[in-house]
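Chain by chain, the residues run as shown.
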Amino acid sequence: MEIQHFSHQHPLVFNEEWSHESEKAYCSGCGEVVSGQNFSCVECGFYLDKQCAEAPSEMNHPFHRNHNLSLLVSSPYPDGIIRCDFCYEICERFVYHCSCGLDFHIKCALLSYNTAEKRIAEFQHIPRIDPLISTENRPQKLENAQCFACWKPLLDSVHLSPDFVVSLARYAKSLSVWDLFTHVHHIVSIECVTMPTKVNKLFHRKHPLILQIVNELLPCQICQETQLNEAVYFCSKCKFVLHTGCASPPPIIEDKIHHEHPFTLLQKQVSLACDACGTLGNYIPYVCSTCNIMVHKKCISLPQIIQFFRHHHPIFQTYFLEEHGFESWECKHCYEEVNTEHGSYFCSKCNYIVHVNCALEQPHFYNVVDTIETDEAMEMSFQHVTATSIKHFSHYHNLIMSEDIVGDKQCDGCLLPISASYYCCSQCNFFLHKSCAELSKKKHIWYHYHRRLFRLTSGCISQCAICVYKTSGFAYNCDECEERHCLRCALVSDSTRCEGHEHLLRAYPNCKGLCNACGGSTEAAYGCKSCNFTLHNSCMRLPLIARHKYDEHPLQLAYQDNNRYSLSDYCDICEEERNPNHWFYHCAICKN
């Protein structure tokens, strides 16, 4: 028997089996080793296994019903690169392609087609594995594998043998059997092989939902998660998406740890704001009739207490807040208004509030808190000896309070000049600003993701992880990563004031613009949005008074230049022109 296949110029001869046991031949369609029935052109060394040879040139795939898929010999794209939307591997041989950008390996297309069309007979030869009775040793990667259709853990149900499934992608890449489990879409549970291709739901009565792959990034109406290029139940007219794993949501969810009453599924799509996270949307909620709240399914189990990286106290999840005379509540992360009629995270000690979605935006932003610990940050770095003297951990003699501002004294804590009340040692040349002497022994650093408190250290030279300057003064040390932060960096809050601007400045993680102090471009910065005023983090920490070897007097930080003489537009140290609108240091005595 011969056939004329579109992929080859010569007729292909049918072979009942591969007879050359000492030699290997590879299918030109899928790249697998030819072993069973096949078609070949011996003259050219061209082979197709029977399944690839008989694959239809066009396929109306259940996962993509809008257009037919065409079988191509190679990539239709100019760069020659094509990636399968089923297994996400590179396609190097035959591919099913749609002009809208959907592509399948030939074997992936056939497997998913047979799965969706319930061609159970196609799977009868594939071994089943029941995790409840199987005694096979399974590697670690299988423990994390998921069914490509429903995304449930594979080991929760009977599934097809991975030894068979591995052969589907071996042509695309030389993978060991267990390496393939990093690509979880190749494995399917038996339950999902029998999954219906069309369902009708009470919460979407207008049209049936069809199982297909959707190229739009649309959230599931139950779990609110998005999956691109995955098989979902979809109504193209209403843009209604339902993940296969959410097709039969539990009618009642009881989670006593996070909420004392059960939540009941409302069999209707409604447009409202979730009472837990405050997000507006058109979704299918769960309802607590006792508390009169409607929430997303995923918001039922929000952590009740978290340690948010930007605040030193634990913050508590709440569904609403009573008015306390404030005009409005502002999220301390994004600085947008918080609607207190819906959920948020709140610290009652500080009136500190954060949107739920802001607090949980990134896994490293927070830690779940099980028990409230004592506030270690109150541990002070000194002890009172008398009303005017202290014993400080950084010095072996007692320190005495002084108001005598004579000479050029420098604080041994922050290394800045002393111009206000300070502590000094009567036996040594040792000085500390009053504020530096009274620092907490342990401190929460708002911009650092490790949640353990930083420890105040002294007596060593360290390099600050933020400004990169070396310091012999005090520093706060993280015991988890050994980062050290100098006092100038560690003591700046995420909301602070600066003498160079009249309004409160807030730290923004994304703040592109030009720094008003130095003129440089900014990424993360402090800013005042109402005035379009921006400062680099480093410019925010500039000392008010500094010294330089070229001037015998202290230099004062100035924010604007009222001197319009042309000579004032040049720096007296480097003698280069400067912008009079930018900040600068000057000596009022020498006029430098």
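*Asks:* How should I be thinking about the environment of Ser402 in this particular structure?
*Replies:* Considering the arrangement of structural elements, one finds Ser402 in strand β30 (residues 398–402). Taking C-alpha positions, Ser402 is 9.8 Å from His433, a pair spaced 31 residues apart along the chain. Looking at Ser402, its side chain comes within polar contact range of the main-chain nitrogen of Asp404, at 3.1 Å.

*Asks:* In this structure, what is going on with the sheet that holds strand β25 (residues 344–347)? I would like to understand it.
*Replies:* Pairing between the strands of a sheet is mediated by backbone hydrogen bonds and can be parallel or antiparallel. The sheet built from five strands is open, its strands ordered β26-β25-β22-β21-β27 with antiparallel pairing. Strand pairing shows two members of the sheet lacking a second neighbour, β26 (352–354) and β27 (366–368), which therefore form its edges. Averaged over neighbouring strand pairs, the angle between their axes works out to 35° when direction is ignored. When β25 meets β26, the two strands line up antiparallel, connected through three bridges. Across the sheet, the residue bridging to Tyr345 is Val354, located in β26.

*Asks:* Quick question: what am I supposed to make of the state of the cysteines here?
*Replies:* Two cysteines form a disulfide when their sulfur atoms are joined by a covalent bond. Enumeration according to the criterion identifies zero disulfides in this entry. We note that Cys238 lacks a disulfide partner, and the nearest cysteine sulfur, in Cys235, lies 3.7 Å from it. A relative accessible area of 32% means that Cys238 is categorised as partly exposed. Lacking any disulfide linkage, Cys425 is separated from the closest cysteine sulfur, that of Cys428, by 3.8 Å. Residue classification places Cys425 among the buried residues on the basis of a relative accessible area of 5%.

*Asks:* Looking at this structure, I do not really get the side chain of His61. What am I missing?
*Replies:* Position of His61 among the secondary structure elements: in the loop between β5 (58–59) and β6 (69–72). A polar atom in the side chain of His61 sits 3.4 Å from the backbone oxygen of Ala109. Here His61 is in contact with Leu69, Phe104, Ala109, Ser112 and Tyr113, once residues within four sequence places are set aside.

*Asks:* How should the sheet that holds strand β1 (residues 2–3) be read in this particular structure?
*Replies:* The four strands lie next to each other as β1-β2-β3-β4, forming an open sheet whose pairing is antiparallel. Each edge of the open sheet carries a strand with a single partner, namely β1 and β4 (46–49).

*Asks:* Looking at this structure, how should I read the pattern of salt bridges?
*Replies:* Once the charged atoms of two side chains with opposite charge are near each other, the side chains can pair. Scanning the model with the defined rule gives eight salt bridges in all. A salt bridge links Asp494 to Arg310, with the nearest nitrogen and oxygen atoms 3.3 Å apart. One end of the pair, Asp494, is in the loop between α8 (487–490) and β39 (495–498); the other, Arg310, is in the loop between β21 (305–308) and β22 (315–318), with 184 residues separating them in the sequence. For Asp494, a relative accessible area of 9% corresponds to the buried category. Linking Glu438 and Lys434 is a salt bridge whose minimum nitrogen-to-oxygen distance equals 3.0 Å. Judged by its relative accessible area of 28%, Glu438 falls in the partly exposed class. Here the salt bridges do not stand alone but share partners, grouping Glu32, Asp49 and Lys107 into one network.

*Asks:* Can you help me understand the confidence of the model for the protein chain in this one?
*Replies:* Low pLDDT marks regions whose predicted coordinates should not be analysed in detail. Overall, the prediction assigns the protein chain a mean pLDDT of 80, with 82% of residues at 70 or greater. Low confidence marks residues 119–135, where pLDDT is under 50. Its contacts with residues over four positions away, or in another chain, come to 36 contacts. Predicted confidence is poor over residues 158–190, with pLDDT under 50, and the contacts of this stretch with residues over four places away or in other chains come to 97 contacts.

*Asks:* Would you take a moment to explain the pairing of strand β13 (residues 231–235) for this structure?
*Replies:* Consecutive side chains of a regular strand alternate in pointing toward one face of the sheet and then the other. Within β13, five of the five residues are buried, which leaves the element mostly enclosed by the surrounding structure. Burial along β13 is two-sided: the residues Ala231, Tyr233 and Cys235 and Val232 and Phe234 are all buried. Direction of pairing for strand β12 (residues 204–213) relative to β13: antiparallel, over a ladder of four bridges. Considered in β13, the bridge of Leu211 is made with Tyr233. Between β13 and strand β14 (residues 240–243), which pair antiparallel one after the other, the connecting turn spans four residues, and Lys239 there sits at a positive phi close to 55°.

Quick notes on the rules
- Residues numbered from 1 in each chain as written.
- Predicted model: local features only at pLDDT ≥ 70, side-chain atom pairs only at ≥ 80, totals over all residues.
- Heavy atoms only, no water.
- Helix = DSSP H or I, 4+ residues; strand = E, 2+ residues; numbered from the N terminus.
- Polar contact = N/O pair within 3.5 Å; in protein donor to acceptor, adjacent residues only side chain to side chain.
- Pairing = 2+ DSSP bridges.
- Axes fitted to C-alpha atoms, helices over the stretch in contact; angles between N-to-C directions.
- Disulfide = S-S within 2.5 Å.
- Buried < 20%, exposed > 50% of the residue type's maximum accessible area, 1.4 Å probe, protein only.
- Contact = heavy atoms within 4.5 Å.
- Salt bridge = Lys/Arg side-chain N within 4 Å of Asp/Glu carboxyl O.
- pLDDT = per-residue confidence, 0-100.

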